[in-house]
Amino acid sequence: MGELDSDPGKSSLPLEEIELLLSTDGKESLQWLDQTPTFLFFSANWCRPCKNFTSVLADMYKTLKSTDREFQVIFVSLDRDETSFREYSRCMPWLVLPFDLPTSTRLCERYNVSHIPSLILWSSDCNVVEEDVVRFVDDYGIGAFPFTRKRREQLMAMDEALRLGGSLQALLGTAERDYVISGDGMKIPISHLAGKTIGLYFGGYWSPPCRNFTHQLVDVYEELSVSEPGKFQVIFVSSDSNQGEFDQNISSLPWPSIPYKDKTLKNLSRIFLVNRIPAVVLIGPDGKTLNTNGRDLITSYGAKAFPFTETRITELEGLLEKEREGLPQQVSDPKHQHELKLDRAMAYVCDGCTRPGRFWVFSCNNCNFDLHPQCVQGSS
């Protein structure tokens, strides 16, 4: 968001002092807005988040107008010059305050605008409006209308219901789409996922941590495809930068994906509070959320964590503790000159047999040397 400099020495200016506004049809009076929920849109051409949000707001504005819902916007420009103002306001379907920086600045002070973009309520019969309307619209789109706190509470309750356990169609699909797509473009009905444990994988090809974790997840997925066939399905939730990057990404993945730019992508991130990637949300066969930190489970336990329940993790920890009790704390081995101490590792490569390992390992504190417990040939 763009941050604004404030000047407390300037006097505030009521919007009511402004007589005319600009519109696509010419000039308009403010008088007819008295009974219409009206928001001041503080924005500027130089602000990239503003321009991104303007596109979202314009689509929502046109949709609301086409359904005869009462809603109006007035653009208050914080552009640095009139040329930028005219270029920017040309794409706006709503009313526009004539360009005048002193007036815009005083309006910012009157309505306590500290950053842009901002949508501030000017007039409405409703006196309890969500404080951060821009964030509200970013989160819920047109569903946020009429932007009241009561509406946010309703939507958050709906998110909570989906998070606790709902239908997969409601979670993964839309009114227009009842499928996910494979890497070769095949449509897989969401109904075919019923009864499976689902891993929602939030990632993006541009992210090196995601690319590293993808390899781990593929290994787990392929192992479970053999040991627990038909019981586990990963669904990719993309944060890729563009369609080309998305297409390249899913072409190498063995699981299906939510289509690129589908509104479900943002919805899933919001519902499960995902604010960084890679992330994995695990959903049980009954549709209830098992774990929102599936990445750590998969990194720590691999395929052995399946079916990813608390009971299974407790059981695994018990087995690992029992295994530890049967191992010496340190060993000497002819393959290495230093003593090797027992340690626990999420993943490693054994320097004895060169195969990957997990959990218990005998490691050297002085150098990068690791042995599987079964590869130790020396004495304890």
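Here's a quick rundown of the structure. Source: prediction; values computed, not measured.

Here we come to the pairing of strand E13 (residues 279–283). Regular strands have side chains that alternate between both faces of the sheet. Most of E13 is tucked away: 5 of the 5 residues are buried. Judged by which residues are buried, E13 turns out to be covered on both faces: Ala279, Val281 and Ile283 on one side and Val280 and Leu282 on the other are all buried. Looking at chain direction, E13 and strand E14 (residues 289–291) are connected through 2 bridges and run antiparallel. By the bridge assignment for E14, Leu282 is matched with Asn291. Between the antiparallel neighbours E13 and E14 lie 5 residues, among them Gly287 with a positive phi of about 85°.

Bridging between strand E15 (residues 330–331) and strand E16 (residues 340–349) involves 2 bridges; their strand directions are antiparallel. Across the sheet, Gln330 pairs through a bridge with Lys341, a residue of E16. The turn joining E16 and strand E17 (residues 356–363), which pair antiparallel and follow one another in sequence, is formed by 6 residues; a positive phi near 65° is taken by Thr354.

With that out of the way, let us pick up helix H1 (residues 48–66). Under the 1.5 Å per step criterion, the end-to-end length of H1 is 28 Å for 19 residues, consistent within 8% with the ideal 27 Å. Those residues of H1 that sit buried are Cys50, Phe53, Thr54, Leu57, Ala58, Met60, Tyr61 and Leu64. A positive phi of about 60° marks Asp68, the residue just after H1.

This brings us to the sheet that holds E17. Backbone hydrogen bonds are what pair the strands of a sheet, in a parallel or an antiparallel way. Judged by pairing direction, the sheet is antiparallel, and its 4 strands sit side by side in the order E15-E16-E17-E18 without closing on themselves. In this open sheet, the two edge strands, each paired with only one partner strand, are E15 and strand E18 (370–371). Here 7 bridges tie E16 to E17, and the two strands are oriented antiparallel to one another. Following the sheet pairing, Val349 is matched in E17 by Pro356.

In this section: the nonpolar core. Among the nonpolar cores identified, the biggest contains 46 residues, and Tyr201, Phe232, Trp255, Tyr301 and Phe308 are the most heavily contacted of them. If one sorts the elements of this core by residue count, helix H7 (residues 208–227) sits on top with 7 residues. Not counting the four nearest positions on each side in its chain, Trp255 is found in contact with Tyr201, Thr214, Leu217, Val218, Tyr221, Gln233, Val234 and Phe236. The next biggest cluster of nonpolar side chains, apart from the first, holds 44 residues, and it includes Leu40, Cys50, Phe85 and Ala144.

This next bit is on the packing of helix H4 (residues 133–140) against helix H9 (residues 263–271). Direction vectors running N to C along H4 and H9 enclose 115°, while the axes themselves pass 8 Å from each other. In this structure, H4 uses Asp138, Asp139 and Tyr140 to contact H9, whose residues at the interface are Lys266, Asn267 and Arg270. Residue classes in the contact of H4 with H9 are distributed as 1 nonpolar, 1 polar and 4 charged.

With that settled, consider the sheet that holds E14. Spatial ordering of the open sheet is given by E12-E11-E13-E14, a layout of 4 strands whose pairing is mixed. Both outer strands of the open sheet, strand E12 (232–238) and E14, are each paired with one neighbouring strand and no more. Ignoring which end each strand starts from, the neighbouring axes of this sheet average 30° apart. Judged from the 7 bridges that link them, strand E11 (residues 197–203) and E12 form a sheet pairing that is parallel. The residue bridging Ile198 from the neighbouring strand is Gln233, located in E12. The strands touched by helix H10 (residues 294–301) within the sheet are E13 and E14, with E13 carrying the most contacts at an inclination of about 95°.

With that out of the way, let us pick up the pattern of salt bridges. For the structure shown, the criterion picks out 10 salt bridges. In this structure, Arg270 engages Asp159 in a salt bridge whose closest nitrogen and oxygen atoms are separated by 2.8 Å. Placement of the pair is Arg270 in helix H9 and Asp159 in helix H5 (residues 149–164), with a sequence separation of 111 residues. Exposure remark for Asp159: the relative accessible area of 6% places this residue in the buried category.

Along helix H3 (residues 101–110), the residues that are buried comprise Thr103, Ser104, Leu107 and Cys108. Each buried residue of H3 lies within a common arc of 140° when the element is viewed along its axis, so the set occupies one face. Contact partners of the buried residues in H3: strand E4 (38–43) and strand E5 (72–77). Just beyond H3, the residue with positive phi is Asn112, at close to 55°.

About the criteria used
- Residues numbered from 1 in each chain as written.
- Predicted model: local features only at pLDDT ≥ 70, side-chain atom pairs only at ≥ 80, totals over all residues.
- Heavy atoms only, no water.
- Buried < 20%, exposed > 50% of the residue type's maximum accessible area, 1.4 Å probe, protein only.
- Helix = DSSP H or I, 4+ residues; strand = E, 2+ residues; numbered from the N terminus.
- Pairing = 2+ DSSP bridges.
- Expected span 1.5 Å × (residues − 1).
- Core = buried A, V, L, I, M, F, W, Y, C linked by side-chain atoms within 4.5 Å.
- Contact = heavy atoms within 4.5 Å.
- Axes fitted to C-alpha atoms, helices over the stretch in contact; angles between N-to-C directions.
- Nonpolar A, V, L, I, M, F, W, Y, C, P; charged D, E, K, R; others polar.
- Salt bridge = Lys/Arg side-chain N within 4 Å of Asp/Glu carboxyl O.
- Arc of directions from axis to C-beta.

By themselves, these observations are geometric and do not establish any function.
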